[in-house]
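Examining the three-dimensional arrangement
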Amino acid sequence: MSVHGPQGGAEPAAAVPPPQEPPAGPARPELEPAGAEPAPSPTAAAAPAGEAGPAVPDARTALRLALAAHAAGGSDPSLIGEVRPFGAEFYDVVVHRRLPSPPYAIVEPNLAVYRVRVRDGQLWRLEPAAASFPDLERTAPGGETPGAEGGLAPWRKAVRATVYLEDPVLGTRAVELRLPGEDFLYDEQGRPLPGPVGPRVRIEPDRAGYYAFEKLVPDEHGRFVLEAGDHRIAYLVAFAAANRVHRLAERYAGVPIEWGGSGYGAERGRFTIDVRRMRTPPERLNAYADLRAGVLEFTWVIDPEAPEPPRGQPYRSPPGVVYDTAWSMDVVAHEAGHAVFDSLKPTTREPSADYWALHEAWGDITALLHAFSLRPLVVQALEHTGGDLRRRSWLSEVAEGFRLVYTGGERQPGESPPGVRSGLAEVRHPASEEPHARGEPLVAAFYELVVRSYEARRARGVPPADAAQRAAEEIGTLFFQGLAHVPDSGRLGLTDVATGILLADRVRHGGQYHEQLRAVFAQYGLLDEQGWARVEQRLQALPALRRPEGMAQGGSLKEALRLLPQARQALGWPAGLELHPWRVVTDRWGYTRVGYLQPEKPITRLDPDGLPSVPMSPLAAVGAAHLVFDPQGRLVDAQLDAAPGSPPAAPPRP
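How each quantity is defined
Residues numbered from 1 in each chain as written. Predicted model: local features only at pLDDT ≥ 70, side-chain atom pairs only at ≥ 80, totals over all residues. Heavy atoms only, no water. Helix = DSSP H or I, 4+ residues; strand = E, 2+ residues; numbered from the N terminus. Buried < 20%, exposed > 50% of the residue type's maximum accessible area, 1.4 Å probe, protein only. Contact = heavy atoms within 4.5 Å. Phe/Tyr/Trp six-rings, centres within 6.5 Å; stacked < 30°, edge-to-face > 60°. Arc of directions from axis to C-beta. Core = buried A, V, L, I, M, F, W, Y, C linked by side-chain atoms within 4.5 Å. Salt bridge = Lys/Arg side-chain N within 4 Å of Asp/Glu carboxyl O. pLDDT = per-residue confidence, 0-100. Polar contact = N/O pair within 3.5 Å; in protein donor to acceptor, adjacent residues only side chain to side chain. Pairing = 2+ DSSP bridges. Axes fitted to C-alpha atoms, helices over the stretch in contact; angles between N-to-C directions. Parallel < 35°, antiparallel > 145°, perpendicular 65-115°, else oblique. Left-handed = near helix turned anticlockwise from the far one by under 90°. Nonpolar A, V, L, I, M, F, W, Y, C, P; charged D, E, K, R; others polar.

Describing the overall build of the protein
Summing up its helical and strand segments, the protein has 13 helices and 20 strands in all. For the protein, the proportion of its 654 residues judged to be buried stands at 56%. Across the protein, the fraction of contacts at a sequence separation of at least 24, relative to all contacts at a separation of at least 6, is 65%.

As structure tokens, then:
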């Protein structure tokens, strides 16, 4: 867990993490078979803003300080918090918000977690928010059922729902599962909101309003349990897969994934999923990610002989549904992968052809990672292939059912059909000008690395399913770490990402994967001998630049601005090149990344701290630079990717 802050009030002279870490709680709930309801956890007191928290010394002070910090020094009557003691003089406060939205009073959970040292008023903001209290049941003080008068609505550990783990065209049956309770928002009675709706994902069926589909409403027990064949299972498949991708990405990247649209009217932090975007013939079937609007769109096919209802009239149960792209977790995970990549590497003014190829590659890699994270799929795939990941299965293919419907093919009994794209593809970069095909070499390299890691584990006696899932997590983490070592500009190429992955291996893992990366990236044409030499030169040219002390807990843009003159001098970045800090983040392994953007036009309006009066947007930038510091504060990577025509960089100072 990284520590950010301090937040609110005067900055303490020595803001250091508290001397102990939070006790490890149970893992976050994942997709697991439905069975008995989970036993309730011990009740945690929940206090509205301005009222006392649990009956422990100084809890009221801890609550007041945390709520004021989250409201930027003021007060916000919608904020509420939960307090728990931590050690002798610290308290943790989870901040929530009550949103009046008739006929529901929504509780938006886990906005942030603050650690408060009451003795001197110091605060630290802990990320991710949900990690500190993974076992809380959201109940009012005393455990009674909360009403409209006060208290938090119950926050479930899990919500039952009916989903497909694989595309039903492949013969998959609908199964009832528990979805993590933290994925949903609730009304005053503790029932999930219709849609469903959560902090990160909102389902909006037929957002354009062509057929007036209704939102999915939970039953009287707060469950979304549907009959097999109900077309609305698509709502739950899309909701479950997108939320799961978000959690996986945060685990592999080690940083919060702040996805959502950047355009006018878009929600920041939450994607809308338009499950019924467009009725289309099979040959035009597709799904889309509108990153500016913050919307994932899924088309659908129905029997052409089915009656067409009047436009705008209720269409609650469409007759003759042939296929819905939201039935496929692969398709949903691919589109959610676009949202993840946009969060970590948003495009600037001048994206390259390879930038969009990277988007498509990351979508496919995300779909493969998602499949490997589903234990039942892994077990079945290994049984089907006899434990050989080099044979085609739904772990190697992306969107097999989609391809069958799109091409009009038929599934052969006992055979794993090919997907739209495959991790087993034998392609070299550049494979094509078309973005999906152009990104295939990176997808194939990812899958080959997973297979090699799996085979090494099997040789050591690790059981097949465990070996496969650990291999995917290991290589997935390495790929996500690699994104921290590539520039934040749209001029990315597949070789840039391959270089970033190699750098991540060198500076974070001591070259543990060096030989495998060298062989696989050469096999798929992603990096040649000159590329390896450039990596060595880049590492050897790094000066002895240290991370400022204030960044040990996350840092701020103001600290990044103060660091910039030192970086220019040490690294030879041109003095006349305009750069502005836009992102400072410390990942869960303790590596701090400081990102700068080069604006398209000079910025003249600055605030008193020297920062742009309007926060920098990558869409208004034409170049970028970054610094990466290890947990000990040493500079381990730096790169400047200035726009063409910018002043050249000088050789770095030793």
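Back to the text.
Comments concerning the packing of aromatic side chains
The final tally for this structure, using the stated rule, is 15 aromatic pairs. Between tryptophan 362 and phenylalanine 479, the aromatic rings sit 6.5 Å apart at their centres with planes inclined by 35°, giving tilted as the arrangement. Within this pair, whereas tryptophan 362 is found in helix α4 (residues 353–373), its partner phenylalanine 479 is found in helix α9 (residues 464–483), the two being separated by 117 residues in sequence. Its relative accessible area of 0% is what places tryptophan 362 among the buried residues. Pairing tryptophan 362 with phenylalanine 480 gives two aromatic rings, centres 5.2 Å apart and planes at 80°, and the pair type is edge-to-face. With tryptophan 362 in helix α4 and phenylalanine 480 in helix α9, this residue pair connects regions lying 118 residues apart in the sequence.

Brief notes about the pairing of strand β8 (residues 158–163)
By the criterion of burial, β8 is predominantly enclosed, with six of the six residues buried. Side chains Ala158, Arg160 and Thr162 project from β8 onto one buried face, and the interleaved Val159, Ala161 and Val163 project onto a second face that is buried too.

Comments concerning helix α5 (residues 375–385)
Among the residues of α5, Leu377, Val378, Ala381, Leu382 and Thr385 are the ones counted as buried. On an axial view of α5, the arc spanned by its buried residues comes to 125°, and they lie on one face. Buried residues in α5 make contact with α4, α8 (440–459) and α9. Of the residues trailing α5, glycine 386 is marked for its positive phi of about 70°.

Things to note about the environment of leucine 170
If you trace the backbone, leucine 170 turns up in the loop between β8 and β9 (175–180). Along the backbone, leucine 170 and proline 417 are 247 residues apart, and their C-alpha atoms lie at a distance of 8.5 Å.

Considering the nonpolar core
Grouped together as the largest cluster of nonpolar side chains are 124 residues, with contacts concentrated most on Ile273, Leu389, Leu442, Phe479, Phe480, Leu517 and Phe521. Considering each element in turn, this core owes the most residues, 15 residues, to helix α2 (residues 233–253). When near neighbours in sequence (up to four residues on either side) are disregarded, leucine 442 contacts Leu358, Ala361, Ile365, Phe479, Leu494, Val497 and Leu526. One finds Met551, Val584, Leu635 and Ala638 within the second-largest nonpolar core, a separate group that totals 18 residues.

Re the pattern of salt bridges
Scanning all chains against the criterion turns up 29 salt bridges. With a closest N to O distance of 3.4 Å, arginine 160 and glutamate 176 form a salt bridge. Placement of the pair is arginine 160 in strand β8 and glutamate 176 in strand β9, with a sequence separation of 16 residues. Judged by relative accessible area, arginine 160 falls into the buried class, the value being 16%. On the accessibility criterion, glutamate 176 (29% relative accessible area) is partly exposed. One salt bridge connects arginine 634 with aspartate 630, and the closest N-O pair in it is separated by 2.8 Å. Aspartate 630 sits in the buried class, given a relative accessible area of 4%.

Let's talk about the confidence of the model for the protein
Residues of the protein with pLDDT of at least 70 account for 79%, and the chain-wide mean is 79. Counting interchain partners and residues more than four positions distant, the pLDDT-below-50 stretch residues 1–56 has 134 contacts. Every residue in residues 128–154 scores below 50 in pLDDT, and together they form 72 contacts with partners more than four places removed in sequence or on other chains.

Re the side chain of histidine 485
With respect to the helices and strands, the residue histidine 485 is situated in the loop between α9 and α10 (494–509). Of note is the side chain of histidine 485, whose polar atom sits 3.1 Å from the side chain of aspartate 637. In this view, histidine 485 contacts Gly500, Leu503, Ala504, Val507, Arg508, Arg538, His626, Val628, Asp637 and Gln639; residues no more than four positions away in its chain are not counted.

Here we look at unusual backbone geometry
The peptide bond linking glycine 195 to proline 196 adopts the cis configuration, its omega dihedral lying at -5°. With respect to the helices and strands, the residue proline 196 is situated in the loop between β9 and β10 (201–203). With a phi angle near 60°, alanine 399 is a residue other than glycine that sits in the positive phi range. Note on placement: alanine 399 falls in the loop between β15 (397–398) and α6 (400–407).

Overview of the pairing of strand β17 (residues 580–586)
Counting buried positions along β17 yields six of seven residues, so the element is predominantly enclosed. Relative to strand β18 (residues 592–599), β17 runs antiparallel, the two sharing six bridges. Pairing of proline 581 across the sheet is with tyrosine 596, part of β18. Joining the antiparallel neighbours β17 and β18 is a turn of five residues, in which glycine 590 adopts a positive phi near 95°.

Side note on the side chain of aspartate 230
Relative to the helices and strands, aspartate 230 is located in the loop between β10 and α2. At a separation of 2.9 Å, a polar atom in the side chain of aspartate 230 contacts the main-chain amide nitrogen of arginine 232.

Some details on the packing of helix α3 (residues 329–344) against α4
The interhelical angle for the contact between α3 and α4, taken along N-to-C directions, is 130°, at an axis separation of 7 Å. Taken together, α3 and α4 sit at an angle that is classed as oblique. Both α3 and α4 take part in a crossing whose hand is right-handed. Packed against α3, whose contacting residues are Met329, Asp330, Ala333, His334, Gly337, His338, Phe341 and Asp342, the element α4 presents Tyr355, Leu358, His359, Glu360, Trp362, Gly363, Asp364, Thr366, Ala367 and His370 at the interface. Of the residues belonging to the contact of α3 with α4, the class tally is seven nonpolar, seven polar and four charged.

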